[in-house]
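Structural description and commentary
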Amino acid sequence: MLYKISVPQVADVEEIRVLEWHREVGEAVEKGDLLVELETHKAIVEVRAGQQGYLRKILAESGNWQAIGLPLAVLSESE
């Protein structure tokens, strides 16, 4: 099964910048692992894995601005 990792709702912002990915495509992740850091004009937001699995695809590269709710990456349960 595939799972979408989306830009979380953060205060009153409409867009957030992808700062740095901490995992690479194909890499196994555990629940709670830091996947990516996002940046607003005032804060850094950490996005962590909600379950274990494998990072299948990154949909928003570092430096890109993404609207709240848009997908950042795809996780899968198996390789």
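Coordinates for the structure precede this section.
This report concerns the structure included in the present document.

**So, the sheet that holds strand S6 (residues 53-58)**
Either a parallel or an antiparallel arrangement is found when strands of a sheet pair, and the pairing is made through backbone hydrogen bonds. With respect to topology, 4 strands assemble into an open sheet ordered S1-S8-S6-S3, the strand pairing being antiparallel. A strand with exactly one partner marks an edge of an open sheet, and here the two such strands are strand S1 (2-6) and strand S3 (28-29). For S3 and S6, the ladder comprises 2 bridges, and the chain directions are antiparallel. Residue pairing for S6: Ala28 is matched across the bridge by Tyr54.

**Section: the sheet that holds strand S7 (residues 65-67)**
Ordered by their spatial adjacency, 4 strands build an open sheet running S5-S4-S2-S7, and the pairing between neighbours is antiparallel. Looking at which strands have only one partner, the edges of the open sheet turn out to be strand S5 (44-48) and S7. Within this sheet the neighbouring strands show an average axis-to-axis angle of 40°, counted without direction. Sheet topology note: the strand S2 (residues 15-21)/S7 ladder contains 3 bridges and is antiparallel. Bridge pairing in S7 links Glu15 to Ala67.

**Points about the pattern of salt bridges**
With the rule as written, the count across this model stands at 4 salt bridges. Residues Arg17 and Glu39 are paired through a salt bridge, measuring 2.4 Å at the closest nitrogen-oxygen approach. Of this pair, Arg17 sits in strand S2 while Glu39 is found in strand S4 (residues 34-39), placing the two residues 22 residues apart along the sequence. Overall, Arg17 belongs to the partly exposed group, its relative accessible area being 23%.

**Thoughts on the environment of Ser62**
By the element assignment, Ser62 lies in the loop between S6 and S7. The exposure class assigned to Ser62 is partly exposed, which follows from its relative accessible area of 42%. Between the alpha carbons of Ser62 and His41 there is a distance of 16 Å; along the sequence they are 21 residues apart. Not counting residues up to four positions away in its chain, the partners in contact with Ser62 are Val18, Leu19, Glu20 and Trp21.

**Overview of the pairing of S2**
In terms of strand pairing, S2 meets S4 through 4 bridges, oriented antiparallel. Each residue of the ladder has a partner; that of Arg17, found in S4, is Glu39.

Parameters and conventions
Residues numbered from 1 in each chain as written. Predicted model: local features only at pLDDT ≥ 70, side-chain atom pairs only at ≥ 80, totals over all residues. Heavy atoms only, no water. Pairing = 2+ DSSP bridges. Helix = DSSP H or I, 4+ residues; strand = E, 2+ residues; numbered from the N terminus. Axes fitted to C-alpha atoms, helices over the stretch in contact; angles between N-to-C directions. Salt bridge = Lys/Arg side-chain N within 4 Å of Asp/Glu carboxyl O. Buried < 20%, exposed > 50% of the residue type's maximum accessible area, 1.4 Å probe, protein only. Contact = heavy atoms within 4.5 Å.

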